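Next come the chains, spelled out residue by residue.
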Amino acid sequence: VSLTLVDLATGTRRYMRTQTAYRFIPSEGETKRRFKVIAEMGNERPLRIVGLKATPMRGQGIIVEFALTKPAQVQAEVLTLTGRRVGHPFARLRMNWVKVRTATPVAPLLK
């Protein structure tokens with residue numbers, strides 16, 4: 001279920017899975033504010049990898065950085081354009097991973 005909070009006075013929408021609060025400044029003389037919560041089956045937002053960046057380190061492998069648009073389990077391998085695995089038994093691979101805000105921590109699995 002996907003929940004969205006809608007401020008009916010301004011039309012502002014907030015995705016409730018990632019937002020912990022919603023703040024607003026009432027207009028002069030405003031004594032109440034109406035909101036609507038929209039519940040939708042499924043999650044229309046697709047999982048995406050954003051901010052993908054691979055940085056070679058001086059003789060110490062590669063730093064791969066990325067973020068996800070929603071919680072997911074991650075398995076990663078670094079390959080060349082021809083599909084060959086990067087590195088050898090003595091090479092190191094380091095991953096910096098930025099998770100999305102979620103109540104359930106999810107950690108990447110590295111191969």
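Just so we're clear, the structure is a prediction, and the values are computed from it rather than from any experiment.

Attention shifts here to the overall build of the protein chain. Along its length, the protein chain carries zero helices and eight strands. Tracing the protein chain from N to C terminus, the helices and strands come up as β-β-β-β-β-β-β-β. Taking all contacts inside the protein chain whose residues are at least 6 apart in sequence as the whole, residues at least 24 apart take part in 49%. Accessible area of the protein chain: about 9,100 Å², with a carbon and sulfur share of 56%.

Another point: the sheet that holds strand 3 (residues 35-40). Reading across the sheet, the three strands line up as 2-1-3 and stay open at both edges, with antiparallel pairing between neighbours. Two strands lie at the open edges of the sheet, namely strand 2 (13-15) and strand 3, each paired on one side alone. The mean inter-strand angle of the sheet, taken between neighbouring strand axes irrespective of direction, is 25°. Pairing of strand 1 (residues 2-7) with strand 2 involves three bridges; the strand directions are antiparallel. Within strand 2, the position partnered with Thr4 by the bridge is Tyr15.

Further remarks concern the packing of aromatic side chains. A complete count under the given rule lists three aromatic pairs for this structure. Relative to Phe35, the ring of Tyr22 lies with its centre 5.9 Å away and its plane at 85°, an arrangement referred to as edge-to-face. Here Tyr22 is found in the loop between strand 2 and strand 3, whereas its partner Phe35 is found in strand 3, with 13 residues between them in sequence. On the accessibility criterion, Phe35 (35% relative accessible area) is partly exposed.

Mean pLDDT over the protein chain works out to 75, with 74% of the residues at or above the 70 mark. This model gives residues 102-111 a pLDDT under 50, and the stretch forms 17 contacts once residues within four places in sequence are excluded.

Rules of the game
Residues numbered from 1 in each chain as written. Predicted model: local features only at pLDDT ≥ 70, side-chain atom pairs only at ≥ 80, totals over all residues. Heavy atoms only, no water. Helix = DSSP H or I, 4+ residues; strand = E, 2+ residues; numbered from the N terminus. Contact = heavy atoms within 4.5 Å. Areas by Shrake-Rupley, 256 points an atom, 1.4 Å probe, with all protein chains shown as cover. Pairing = 2+ DSSP bridges. Axes fitted to C-alpha atoms, helices over the stretch in contact; angles between N-to-C directions. Phe/Tyr/Trp six-rings, centres within 6.5 Å; stacked < 30°, edge-to-face > 60°. Buried < 20%, exposed > 50% of the residue type's maximum accessible area, 1.4 Å probe, protein only. pLDDT = per-residue confidence, 0-100.

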